[in-house]
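# Structural overview
Now for the letters of each chain:
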Amino acid sequence: ATTRRGAMAFSGGSFQAAEAFVKSFVLDGDSVTFDRTALEGLRDFNLEPGRCVCVFPVTPRVQNRYGTLHGGCVATLVDVVSTVALLTVSLDPGVSVNIGCNYVTPCPCGTDVEVDARVTKVGRTLAFMDVTLRTAVGGKTVATGTHCKFLPNSRQTRSKL
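Below, the discussion takes up the confidence of the model for the protein. Interpretation of this model should avoid reading the predicted coordinates in detail wherever pLDDT is low. Per-residue confidence for the protein averages 87 on the pLDDT scale, and 84% of its residues sit at or above 70. This stretch, residues 5–11, has a pLDDT under 50; its non-local contacts, to residues over four places away or in other chains, come to 17 contacts. Scored below 50 in pLDDT, residues 157–161 shows eight contacts in the model against residues more than four places distant or in partner chains.

Here's what the structure looks like:
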């Protein structure tokens, strides 16, 4: 389920675009994409302009050999959830230029993680997002991430190609 709050702060994206992205890449039961496979169980989406908050359960499927949330899953969460946030303010989902992750503390299997993605800037051809993963109970920071995306479909970019 998706909850929407606030009015659009920027021209461009929409909650409908963000919801369609979530459905097609994460929630669609017929999808066999990596995102769908890796992020199964992602739920409780709350959308605001430039922001997406959701919950992800750490299950045995996404744990590493130490029984904690796998770093590759964290990177995928940073990628996908920040793109959902971007789509609330941009019509262009963009193409990843750089994703960075800081792994702060291990997150054991059985824990729910809150993923909070925020758009910090949308320029003419680049967008920047910050993501924080916290335990849903207690709010302990598990990881932080940054995501920069090239916006190839922006009017400015198309005119230069």
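After presenting the structure, the write-up continues.
Moving on, we come to the pattern of salt bridges. When their charged atoms lie close together, side chains carrying opposite charge are able to pair. For the structure shown, the criterion picks out five salt bridges. Across the salt bridge formed by D44 and R43, the nearest N and O atoms sit 3.4 Å from each other. Across the pair R51 and E48 runs a salt bridge, and its minimum N-O distance is 3.8 Å. Judged by its relative accessible area of 22%, E48 falls in the partly exposed class. Taken together, the shared-partner salt bridges in this structure form one network comprising E48, R51, D116 and R118.

Moving on, we get to helix α3 (residues 71–87). In this model α3 runs 25 Å from its N-terminal to its C-terminal C-alpha over 17 residues, within 8% of the 24 Å that 1.5 Å per residue would give. For α3, a buried count of 13 out of 17 residues is recorded, marking the element as mostly surrounded by other parts of the structure.

With that settled, consider unusual backbone geometry. Residue D44 is not a glycine yet carries a positive backbone phi of 55°. Looking at the secondary structure, you find D44 in strand β2 (residues 43–48). Its relative accessible area of 40% is what places D44 among the partly exposed residues.

Turning next to the state of the cysteines. In the structure shown here, the tally under the stated rule is zero disulfides. Cysteine C73 shares no disulfide, and the gap to the nearest cysteine sulfur, in C107, comes to 10.0 Å. Given the relative accessible area of 6%, C73 is considered buried. Summary of cysteine pairing: C109 is not part of a disulfide, and the nearest cysteine sulfur, belonging to C107, is at 9.2 Å. Accessibility expressed as a relative area gives 31% for C109, which makes it partly exposed.

Now for the nonpolar core. Core analysis: the biggest nonpolar cluster contains 38 residues, and F56, L69, L77, V115 and L133 have the highest contact counts within it. Among the secondary structure elements, those contributing two or more residues to this core are α1 (15–27), β2, β3 (51–57), α3, β5 (112–122), β6 (126–135) and β7 (141–150). Top element by residues in this core is α3. It accounts for 10 residues. Setting aside residues up to four positions removed in sequence, L69 forms contacts with F56, V58, V62, N64, V74, C107 and L133.

Here D92 shows up in the loop between α3 and β4 (95–103). Separated by 2.8 Å, the side chain of D92 and the backbone nitrogen of G94 make a polar contact. Excluding residues that lie within four positions of it along the chain, D92 makes contacts with L86, L87, L151, P152, N153 and S154.

Reading the values: the criteria
- Residues numbered from 1 in each chain as written.
- Predicted model: local features only at pLDDT ≥ 70, side-chain atom pairs only at ≥ 80, totals over all residues.
- Heavy atoms only, no water.
- pLDDT = per-residue confidence, 0-100.
- Contact = heavy atoms within 4.5 Å.
- Salt bridge = Lys/Arg side-chain N within 4 Å of Asp/Glu carboxyl O.
- Buried < 20%, exposed > 50% of the residue type's maximum accessible area, 1.4 Å probe, protein only.
- Helix = DSSP H or I, 4+ residues; strand = E, 2+ residues; numbered from the N terminus.
- Expected span 1.5 Å × (residues − 1).
- Disulfide = S-S within 2.5 Å.
- Core = buried A, V, L, I, M, F, W, Y, C linked by side-chain atoms within 4.5 Å.
- Polar contact = N/O pair within 3.5 Å; in protein donor to acceptor, adjacent residues only side chain to side chain.

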